[in-house]
Amino acid sequence: MNLKHLKAFDLGYQVDPTKVVKIHILSRLDSKKKDESLESLFTINQEALAEPYGSQVSTDTVGYNVNYVVNIAAAVNIGLVDIAVVVIWVIIAIVVLGGGSEG
Amino acid sequence: MITKTLAFMVTYGCNFKCAHCSVSSEPKLLAKQALFEKLMLKAIDEAYYIPSIKVIILFTGGEPTLKPRLLKKGIKYAAEKGFIVRLVTNAWWASSEEGALEFLKELQELGLNELNVSFDDFHKHFIKESNMIYAVKAALKLEMKVAIATTIHKYSEMRKEHIRKMLSNNGIDLTNIYILEDHFQPLGRAKNLSDSLIDEEYVSKRYRADLGCKRILEDIVVHPDGKVTVCCGHAIFEPEDVDYYIIGYLDKEDLETIIKRAQRNVLYWWLYLKEPQAILKYLGYGLKDKKFLFPCYSCFYLMSKCKNELYDVLTKRKETIFYEEILQVKPESKDIKELLRSLSS
């Protein structure tokens, strides 16, 4: 077998995979936020075969794979607490605005 | 590109010869070389020292249960090292409820945690529905995690919902069962299937060409001859020249060296973050054939038919492709040294 590709395509230095993914995602978010919803970046359409079955979230129950979102959130340094804070603010805003329109 | 799963292709042989099989498995291949035991144990030993591979050691094929001595040894050794162990099988051994229970109990005692049964319209030509039912019932009784993998075509009856109904009608609680549905990909023996069987609508919805292939280097496969491939996709079994999928040989190097080198490979990063279709477009291909809707077929085309073009582009423009296509940053807009430093592990 000819494995010349392993040498020819080698970057020449070790990279931290998490950092590469982080830079890629940040670049995509930056360039695509004007014309593409965040959801389309976070939606994955393949079953998470690499995970043990017990940790899988079926795509037809929530529409997207939560593990993937969490991985991306981790890659861009967004913690679950940050996500929770945003969710709470959205709920407060809905309650306040909803109440306002009724009055 | 952090390896999570180590799969062992125990044998390419199988007691069935399904029309959709991308491995092109069949009975006559059972006589050919099975996985070398020494290499299997070496891989498990080395995987133990790679923290990210803590999730699963997967035994697949072909039909791995047709090499029982090797399979049992592998399950026991992987379980002793603390790995979660999964078996992928066609359930030929589950011809009765008692027989299935006895068969699985022995494997569970050795350390098997998860069972994945392949069952669909293609497998139905060779096996009864009752085999799948008995295998699932036995695994649930033993409190194992269970998945059923079903491969569909345009006119398939055996889709996810149908299998759910079948299980339900047999009194099986669906709570802990995962049904994995996928469309056949036109590779291996499935190349002979008619294009009219391709469900274009289904495939277009299922595979998005802008998210990258998350199988690359995350699910690696050890083959019977000791070669290690960068993914578990359908294209790695093609008889054509698909050397680019090979990331090393276990009889020559250790697993960590093989994985670390692959993590430095620009082609694998490109596939991981941009998909094969995006690379084909970069090379100027129009992708009019509906087969290009399939990521594994597109990848096969890229790695075989476009091999020389890919080699030329990547050797001439390796750095530029890494910055502009993979990281998606303009090199002039960043301090390169700073960026390199930040990427180093």
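Scope of this entry: the structure provided in the associated data block.

A closer look at helix α4 (residues 129–141) of chain B
Since the α-helix packs 3.6 residues into each turn, any two residues three or four apart lie on the same face.
All names here are of chain B.
Consideration 1: The end-to-end C-alpha distance of α4 is 19 Å, a good match for the 18 Å that 13 residues give at a rise of 1.5 Å each.
Consideration 2: Taken as a whole, α4 has its buried residues at N131, M132, I133, Y134, A135, V136, K137, A138 and A139.
Consideration 3: On its buried side, α4 packs onto α3 (97–110), β4 (114–118), β5 (145–152), α5 (160–169) and β6 (177–183).
Consideration 4: Immediately beyond the C-terminal end of α4, within one or two residues, lies E143, with a positive phi of roughly 60 degrees.

Regarding the pairing of β4(B)
Residues and elements named next belong to chain B.
Consideration 1: Counting buried residues in β4 gives 5 out of 5 residues, a clear majority hidden from the surface.
Consideration 2: Every second residue of β4 is oriented toward a common face, with E114, N116 and S118 on one face and L115 and V117 on the other, all of them buried.
Consideration 3: As judged from the 4 bridges shared by strand β3 (residues 84–89) and β4, these two strands associate in the parallel manner. Residue pairing for β4: L87 is matched across the bridge by L115.
Consideration 4: Following the backbone out of β3, through α3 and into the adjacent parallel β4, one traces a crossover that is right-handed.
Consideration 5: As paired strands, β4 and β5 are joined by 5 bridges and run parallel to one another. Bridging across to β5, E114 finds its partner in K145.
Consideration 6: Between the parallel elements β4 and β5, the chain passes through α4 in a crossover that is right-handed.

A short note on unusual backbone geometry
All names here are of chain B.
Consideration 1: Located in the positive-phi region is S24, a residue other than glycine, with phi close to 55 degrees.
Consideration 2: Among the structural elements, S24 can be located in the loop between β1 (5–11) and α1 (37–47).
Consideration 3: One non-glycine residue with positive phi stands out, namely A91, at about 65 degrees.
Consideration 4: Within the secondary structure, A91 is located in the loop between β3 and α3.
Consideration 5: For A91, a count of 29 C-beta atoms within 10 Å corresponds to the buried category.

Conventions we followed
Residues numbered from 1 in each chain as written. Chains lettered and ligands numbered in written order. Predicted model: local features only at pLDDT ≥ 70, side-chain atom pairs only at ≥ 80, totals over all residues. Helix = DSSP H or I, 4+ residues; strand = E, 2+ residues; numbered from the N terminus. Expected span 1.5 Å × (residues − 1). Buried ≥ 20, exposed ≤ 12 C-beta atoms within 10 Å, placed from the backbone. Contact = placed C-beta atoms within 7 Å. Pairing = 2+ DSSP bridges. Right-handed = clockwise from strand over helix to strand, strands pointing away.

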